[in-house]
Amino acid sequence: MDSMSFTLFGATGDLAKRKIYPALFNLYMDKKLPTIFSIIGVGKEKMSEKEFQSMVIESLYEFSRHSTNDKALKLEFVQSISYISLDLTNKSSYSLLLQYVKQKELEKGINENRIFYLSVPPAFFEVITTNIKNSGLGHTKGWKRVIIEKPFGHDLASATHLNNMVKQAFFEDEIFRMDHYLGKPMVQNLETLISANPVLQSIWNNKLIANVQITASETVGVGGRAAYYEQAGAIRDMVQNHMLQLVLMSALRMSEKDSVVSLRNEKIKLMEAIQRIHTEKDIIRGQYRHLKTGDTTYTNGYLEEPGVNPSSTTDTFVAARLFINTPSWKGVPFFIRTGKRLARKETKIVVEFKNIRNETKAVEERRPNLLVITIQPDEGVSLHLNSKNPLTGEIEPIDVHFSSSNREIPEAYEYLLADAIKGNADFFTHWDEVELAWKWIQPVLEAFDNNQIPLHLYESGTNGPEASDQLLKKDGFHWW
Ligand code: BG6
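Right, let's walk through the structure included here.

What follows concerns the nonpolar core. With 143 residues, the main nonpolar core has Phe-6, Phe-9 and Phe-77 as its most contacted residues. Of the residues forming this core, the biggest block, 13 residues, is contributed by helix α9 (residues 226-251). Aside from chain neighbours lying at most four places away, what touches Phe-9 is Val-42, Leu-88, Tyr-94, Leu-97, Phe-116, Tyr-117, Leu-118, Ser-119, Val-120, Ile-128 and Ile-132.

What follows is the structure in structure tokens.
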């Protein structure tokens, strides 16, 4: 691997501590980092290099999946990490940063290959990328790349503006837009699962599939993120990016001969084919209420959360029905739902197959075959088949289950960072995808903003509002 310097903007932030340092350390432990590298943290807090390195070590103890008995290795790892405190809004900071990066490159013999990771609020994207260009940080003898965290824009116009800014400093193939759901091992596995198994590939279409249900539920509330969440809601926070990516990854039908290079192109084609949503009848929005029994309040309602406007109509739950207008998927509803403060933390895709023999039976009596792909917390694939019980002679569902919960599986950030370091953009979102996703969701955002869609309150700890069940009932289905 090429030697490189990895400049992390937002080096003292929460994401850096929870995800980025642990992922880099795990890659280091697994020998997936270049032999020569320099990680440069940039933040506004004043702290010495020693203090910064101790902060990184602490984050490794807390969040790294590697054992805690490797103190020496942690110390060795942080020798390649340094810190510089800068005001990111000040142009002259970037000349200082350039000198600093060059000095480290010289000391270590790094060939001016540079990754810039923007782990900062979106308001900083423009000033950072413009100054990377103007200061000369972006003029390298080697390669350069930028990794950008979501949210990539607030709506179509702001995302387009942001993209134009970033493009002044980087070419599309140098931009790595992060959607951490694409780094989850089971999401990366989806395409292989279908393309490497002819048995699944041959049934992955509207002839045999009745509907696809994608759920990403969380038990946590908005926590301390009200300032961001009030502007975003579940629709921008989860649906525009993670949920749509799950839809695209589930609908991919690549054959083994297709090269992985075309994965992003295939996803772009699918995104183009997602039909405009009929907002009133195809989308449900909800907001969590408190959980209270008698006088005991177990959790706040959204409106009682610190920093939330007490009359806020921000959505903390969204369910939707969408269709993909391709010959393979025409007519198959994809149901998605995501929300905070729900009954469990779980992300799964359920593919319900048609059961022609039983179609006339009541919904509860139909026993369709199901393929359940669990993305988290425990990865697994199970197939629900029908079989005759030898004792009673009744047909009963049986499960064929594969689970990988016992293995030490790397975290999403490890896969994605390793890919970005290698220059592999398959599991990062191309601008065309992001733009199409914003275009698709824009009418929904407007309908939400104008309160054209009813806001259903749901009790914390449930599966969301009753209206989300009705969404499927109309088509004769129910959530599995
Ligand atoms: C983030 C959202 O992108 O994804 C959070 O901003 C959400 O609100 C999180 O909690 C969920 O990610 P995961 O990996 O825990 O499912």
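So, about the side chain of Glu-352. Its location among the elements puts Glu-352 in strand β13 (residues 346-353). Here the side chain of Glu-352 touches Trp-480 through a polar contact of 2.6 Å, side chain to side chain. Other than its neighbours up to four places away in sequence, Glu-352 contacts Ile-209, Ala-210, Asn-211, Gln-213, Pro-368, Asn-369, Leu-370, Phe-477 and Trp-480.

Packing of helix α4 (residues 91-108) against helix α5 (residues 125-135) brings their axes to within 9 Å, and their N-to-C directions diverge by 55°. For the element pair α4 / α5, the angle class is oblique. α4 and α5 meet at a crossing whose hand is right-handed. When α4 is examined against α5, the residues Lys-91, Tyr-94, Ser-95 and Leu-98 are found in contact with a partner set consisting of Val-127, Ile-128, Asn-131 and Ser-135. A per-class count over the contact of α4 with α5 returns four nonpolar, three polar and one charged.

Take the pattern of salt bridges next. In total, this model carries 20 salt bridges according to the counting rule given. The partner of Lys-144 in a salt bridge is Glu-174, with the nearest N and O atoms 3.3 Å apart. Of this pair, Lys-144 sits in strand β5 (residues 144-148) while Glu-174 sits in the loop between α6 (156-169) and β6 (175-177), and the two are 30 residues apart along the sequence. Taking the relative accessible area as the measure of exposure, Glu-174 reaches 13% and is therefore buried. Put simply, Glu-433 and Lys-267 hold a salt bridge, and the shortest N to O gap is 3.1 Å. Here Glu-433 is found in helix α13 (residues 431-449), whereas its partner Lys-267 is found in helix α10 (residues 263-273), with 166 residues between them in sequence. Take Glu-433: its relative accessible area is 2%, and that puts it in the buried class. It is possible to trace a salt-bridge network through shared partners that takes in Asp-30, Arg-65 and Glu-414.

Rules and cut-offs
Throughout this document, residue positions are counted from 1 along each chain, in the order its sequence is written. For this predicted model, a pLDDT threshold of at least 70 governs which residues receive local features, and a threshold of 80 or more governs which side-chain atom pairs are given and counted, while totals over whole chains, interfaces and linings are taken from all residues. Here the side-chain values reflect all heavy atoms present in the structure, with hydrogen atoms and water set aside. What is meant by a nonpolar core is a set of buried Ala, Val, Leu, Ile, Met, Phe, Trp, Tyr and Cys residues, joined one to another through side-chain atoms within 4.5 Å. Each residue's exposure class comes from its accessible area (1.4 Å probe, protein chains only) as a fraction of the maximum for that residue type: buried when under 20%, exposed when over 50%, partly exposed otherwise. A run of DSSP states H or I qualifies as a helix once it reaches four residues; a run of E qualifies as a strand once it reaches two. Both are numbered from the N-terminal end. Any two residues having at least one pair of non-hydrogen atoms within 4.5 Å are treated as being in contact. Any pair of N or O atoms that falls within 3.5 Å is considered a polar contact. Within protein, one atom must be able to donate a hydrogen and the other to accept it, and sequence-neighbouring residues count only if both atoms are side-chain atoms. Here an angle of 0 to 180 degrees is reported between the N-to-C directions of two axes, which are lines fitted to C-alpha atoms, with helices fitted over the stretch in contact. Orientation categories follow fixed angle ranges, with anything under 35 degrees roughly parallel, anything over 145 roughly antiparallel, 65 to 115 roughly perpendicular, and all other angles oblique. Left-handed describes a crossing in which the near helix is turned anticlockwise from the far one by less than a right angle; the clockwise case is right-handed. Residues were grouped as follows: Ala, Val, Leu, Ile, Met, Phe, Trp, Tyr, Cys and Pro as nonpolar; Asp, Glu, Lys and Arg as charged; and all remaining residues, including Gly, as polar. Criterion for a salt bridge: a side-chain nitrogen of Lys or Arg within 4 Å of a carboxyl oxygen of Asp or Glu.

Everything listed here is a matter of coordinates, which is why it stays silent on function.
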